[in-house]
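Residues per chain are reported as follows:
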Amino acid sequence: MAKKKDLGIMKQSSSLIKSSLIVSAMTFLSRILGLVRDIVIANVMGAQAATDVFLVAQKIPNFLRRLFAEGAFSQAFVPVLTEYQQHQSPEIVKALVSKVAGTLGLILFLITLIGVLGSSGIAALFSPGFLLNSPDKFELVSHLIKITFPYIFFISLTALAGAILNTKNRFAVPAFAPVLLNVCLIGAAIWISPLLEEPVEALAWAIFAAGILQLLLHLPFLWREGYLVKPSWGWRDSGVRKILKLMTPAMFGVSVSQINLLLDTIIASFLVTGSITWLYLSDRLLEFPLGIFGIAIATVILPNLSRDFAKGGQKMSHLLNWGIYIVILIGLPAALGLFVLAEPIMLSVFQHGEYTLEDAFKSALSLQAYALALLSFMLIKVLAPGYFSQQDTKTPVKIGIAAMAVNMVFNLILFKPFGHVGLAIATAISAFVNMFFLWRGLIAKGTLFMEASWYLKLLKIVVATVLMFILIKLISPDIQVWREAGFIERAQYLALILISAIATYLIALFVQGFRLSEIRNP
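Residues numbered from 1 in each chain as written. Predicted model: local features only at pLDDT ≥ 70, side-chain atom pairs only at ≥ 80, totals over all residues. Heavy atoms only, no water.

S.K.: What is the right way to read the overall build of the chain from this model?
M.R.: Along its length, the chain carries 23 helices and zero strands. In terms of overall dimensions, the chain is globule-like: its C-alpha atoms have a radius of gyration of 23 Å, near the 24 Å expected for 522 residues. For the chain, the spread of C-alpha atoms along the three principal axes comes to 65 × 60 × 40 Å. In the chain, buried positions account for 57% of the 522 residues. Across the chain, the fraction of contacts at a sequence separation of at least 24, relative to all contacts at a separation of at least 6, is 84%. Accessible area of the chain: about 21,800 Å², with a carbon and sulfur share of 69%. One finds the centroid of the 40 positive side-chain charges in the chain at a distance of 15 Å from the centroid of its 27 negative side-chain charges. (Helix = DSSP H or I, 4+ residues; strand = E, 2+ residues; numbered from the N terminus. Rg over C-alpha atoms; globule rule 2.2 N^0.38 Å. Buried < 20%, exposed > 50% of the residue type's maximum accessible area, 1.4 Å probe, protein only. Contact = heavy atoms within 4.5 Å. Areas by Shrake-Rupley, 256 points an atom, 1.4 Å probe, with all protein chains shown as cover. Lys, Arg positive; Asp, Glu negative; His and termini not counted. Charge placed at Lys NZ, Arg CZ, Asp CG, Glu CD.)

S.K.: What is the right way to look at helix α10 (residues 200-225) in this model?
M.R.: One turn of the α-helix equals 3.6 residues, which is why residues spaced by three or four share an orientation. End to end, α10 covers 39 Å across 26 residues, agreeing with the expected 38 Å (1.5 Å per residue, within 8%). What α10 keeps buried is the set Val200, Ala202, Leu203, Ala204, Ala206, Ile207, Ala210, Gly211, Gln214, Leu215, His218 and Leu222. Just downstream of α10, glycine 226 is the residue with a positive phi angle, here 85°. (Expected span 1.5 Å × (residues − 1).)

S.K.: Where do I start with the environment of isoleucine 429 in this structure?
M.R.: Topologically, isoleucine 429 is positioned in helix α19 (residues 420-445). With a relative accessible area of 28%, isoleucine 429 lands in the partly exposed category. Sequence spacing of isoleucine 429 and alanine 373 is 56 residues, and the spatial spacing of their C-alpha atoms is 7.3 Å. If near-sequence neighbours (up to four positions away) are discounted, isoleucine 429 is found in contact with Val406 and Phe410.

S.K.: Looking at this structure, how should I read the packing of helix α17 (residues 374-388) against α19?
M.R.: What describes two packed helices is the angle between their axes and the distance between those same axes. Contact geometry for α17 and α19: axes closest at 9 Å, N-to-C directions at 35°. For the pair α17 and α19, the crossing hand works out as left-handed. Each of Ser376, Phe377, Leu379, Ile380, Leu383, Ala384, Gly386 and Tyr387 in α17 lies in contact with α19, whose residues at this interface are Thr427, Ala431, Phe432, Asn434, Met435, Phe437, Leu438, Trp439, Gly441, Leu442 and Lys445. Split by residue class, the contact of α17 with α19 holds 13 nonpolar, five polar and one charged. (Axes fitted to C-alpha atoms, helices over the stretch in contact; angles between N-to-C directions. Left-handed = near helix turned anticlockwise from the far one by under 90°. Nonpolar A, V, L, I, M, F, W, Y, C, P; charged D, E, K, R; others polar.)

S.K.: Even after reading the chapter, I still don't get the pattern of salt bridges, so can you show me in this structure?
M.R.: Two side chains bearing opposite charge may form a pair once their charged atoms approach each other closely. Throughout the structure, instances matching the rule amount to eight salt bridges. Here aspartate 38 ties to arginine 284 by a salt bridge, and the two come within 3.2 Å at their closest N and O atoms. Of this pair, aspartate 38 sits in helix α1 (residues 2-45) while arginine 284 sits in helix α13 (residues 275-310); the two residues are 246 residues apart in sequence, bridging distant segments of the chain. The shortest N-O distance in the salt bridge between lysine 99 and aspartate 237 comes to 3.2 Å. Remark: aspartate 237 occurs in the loop between α10 and α11 (238-253) and lysine 99 occurs in helix α3 (residues 90-117); sequence separation between them is 138 residues. Given the relative accessible area of 18%, aspartate 237 is considered buried. The network of salt bridges with shared partners includes Arg37, Asp38 and Arg284. (Salt bridge = Lys/Arg side-chain N within 4 Å of Asp/Glu carboxyl O.)

S.K.: Sorry, what's going on with the packing of aromatic side chains here?
M.R.: Two aromatic rings are characterised by how far apart their centres lie and by the angle between their planes. On inspection of all chains with the given rule, the structure shows ten aromatic pairs. A centroid spacing of 6.0 Å and a plane angle of 5° characterise the contact between tryptophan 233 and tryptophan 235, whose relative ring orientation is stacked. Judged by its relative accessible area of 35%, tryptophan 235 is partly exposed. Seen from their ring centres, phenylalanine 436 and phenylalanine 437 are 5.2 Å apart, and the 80° between their planes marks the pair as edge-to-face. On the basis of relative accessible area, phenylalanine 436 is assigned to the partly exposed category, the value being 38%. Chaining the aromatic ring pairs together yields one cluster made of Phe153, Phe154, Trp205 and Phe208. The cationic tip of lysine 457 hangs over the ring face of tyrosine 325; the distance from NZ or CZ to the ring centre is 5.1 Å. (Phe/Tyr/Trp six-rings, centres within 6.5 Å; stacked < 30°, edge-to-face > 60°. Lys NZ or Arg CZ within 6 Å of the ring centre and 35° of its normal.)

S.K.: How should I be thinking about the nonpolar core in this particular structure?
M.R.: Across soluble globular proteins, you tend to see nonpolar side chains buried next to one another. Within the largest apolar cluster, 149 residues are counted, with the highest numbers of intra-cluster contacts made by Phe54, Phe77, Ile324, Leu379 and Trp439. In contact with leucine 379, other than residues within four places in its own chain, are Ile324, Val327, Ile328, Met435 and Trp439. Residues Phe171, Ala175, Ala296 and Val300 belong to the second largest nonpolar core, which totals five residues. (Core = buried A, V, L, I, M, F, W, Y, C linked by side-chain atoms within 4.5 Å.)

S.K.: How do you make sense of the packing of helix α9 (residues 178-192) against α10 when you look at a structure like this?
M.R.: Running from N to C, α9 and α10 cross one another at 150°; their axes reach a closest spacing of 8 Å. As judged from the angle between their axes, α9 and α10 are roughly antiparallel. Taken as a pair, α9 and α10 cross one another with a handedness that is right-handed. Contacts between α9 and α10 involve Pro178, Leu180, Leu181, Cys184, Leu185, Ala188, Ala189 and Ile192 from the former and Ala202, Leu203, Ala206, Ile207, Ala210, Leu213, Gln214 and Leu217 from the latter. Among the residues forming the contact of α9 with α10, the class breakdown is 15 nonpolar, one polar and no charged. (Parallel < 35°, antiparallel > 145°, perpendicular 65-115°, else oblique.)

S.K.: Hey, could you run me through helix α6 (residues 135-148) in this one?
M.R.: Over its 14 residues, α6 runs 20 Å from end to end, which matches the ideal 20 Å to within 8%, given 1.5 Å per residue. Looking only at α6, the buried set comprises Lys137, Phe138, Leu140, Val141, Ser142, Leu144, Ile145, Ile147 and Thr148.

S.K.: How do you make sense of the environment of valine 240 when you look at a structure like this?
M.R.: Following the sequence through the fold, valine 240 ends up in helix α11. Residue valine 240 is classed as buried on the basis of its relative accessible area of 3%. With 37 residues separating them in the primary sequence, valine 240 and leucine 203 have C-alpha atoms 36 Å apart.

S.K.: Could you clarify how one ought to interpret unusual backbone geometry in this entry?
M.R.: As a rule of thumb, non-glycine residues mostly have phi less than zero, and peptide bonds are mostly trans rather than cis. The phi dihedral of asparagine 169 falls on the positive side, at around 60°, and the residue is not glycine. Of note, asparagine 169 is situated in the loop between α7 (151-167) and α8 (172-176). Judged by its relative accessible area of 36%, asparagine 169 is partly exposed.

What follows is the structure, encoded as structure tokens:
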């Protein structure tokens, strides 16, 4: 019996690894194109007023996407749908999908209509600095919001489709969908923006088009799984009510990090021109490892946790331990690498065209602050599903409120003396508070048990990371060399350092006894 149980755990771990690799591969493609997109935008427009305005206009629907779609909705919908799939007939499951699609669709349509008609009010709320100090910026951001806001309608329905596919262990298509957004933005920046009187308007229309394309991408795969059903109104349906009940607090709990980043943008609208762009590009580089690994693991682990909870929850601690271990194994060296190489990375990736040496330096400072939060952000993505899979959305909300309060306090303390860097530091502190209390809460609930061997594994990771740090400091050129070097030289330096650092880290782990079997069965 014990052998069968161990075999089942190993098969589940292998399946999790395979699914995570699929999501990571698709997300890696999306992040690479996202990086190309940001390079193109930085080169074409630089850190000027119009760029700041566009980033505010696109951040609002993107924030709502995280709030309504990928964040709260998925965390509420997946556990309920999984429960229905485990205990109800296929007809009842399809009826739930139909009612959720119809109810969500109508609510989203109304929200979109309000957003388009009230774009000036939204612009005033999210960029008060533009309203008070820069009328031209305020007028432009209000106009762009009218174009970008419908994205929330399409991308939320896309999230619904993606969540359904995830419960069927179909992760590739939802993970690939963001590629379409990046392709649209790159094409618009290169070919359409030069033709327009206001170049950034092309980027706004690219977001609108990408929302439609991402939704259309999912429809054939929903049809193949038998879930392409006609939407219907279902406000009074018990399943819909349960999802909405779970979603309301989850909207806040799962999106605290996004709320904090948005608050950074609001306060940054009062700072010097370029501050919003510096913070945005720093955040984008942070999103690279966060999206490829943290979000990928969280995407895979939620339906598996929900499925296990529906069966009694005997393997939940094992699944959470696996997720935490993988995140620290990857996240700790990634965070250190971003911190130590912040300015060389900014110089190598963005410092071309209109993006100056000063812009790269300013962005590097906020990237270092954000790098301190990378591990916390990644762990939040793994720990929060531990609550949502049990249909507990209240606890993450309480923790989220505390974390956001911490963020606001430190924002107000730090933004005047340290500018945009102070905002990034406040976000890092808030992320750590959020992560710590999520972790402690799961242990207090009895959902998570940390085994003694886990701490030995952590020590090995720390030792390997320290050795990697020493190597980077030894072989990295002086910062003035980076600033004076050309693109090819910078790329060669950076590639050599990254390859050497990764090799050192892996060798150090291997020498200490690390084997791939630890990932399969942590």
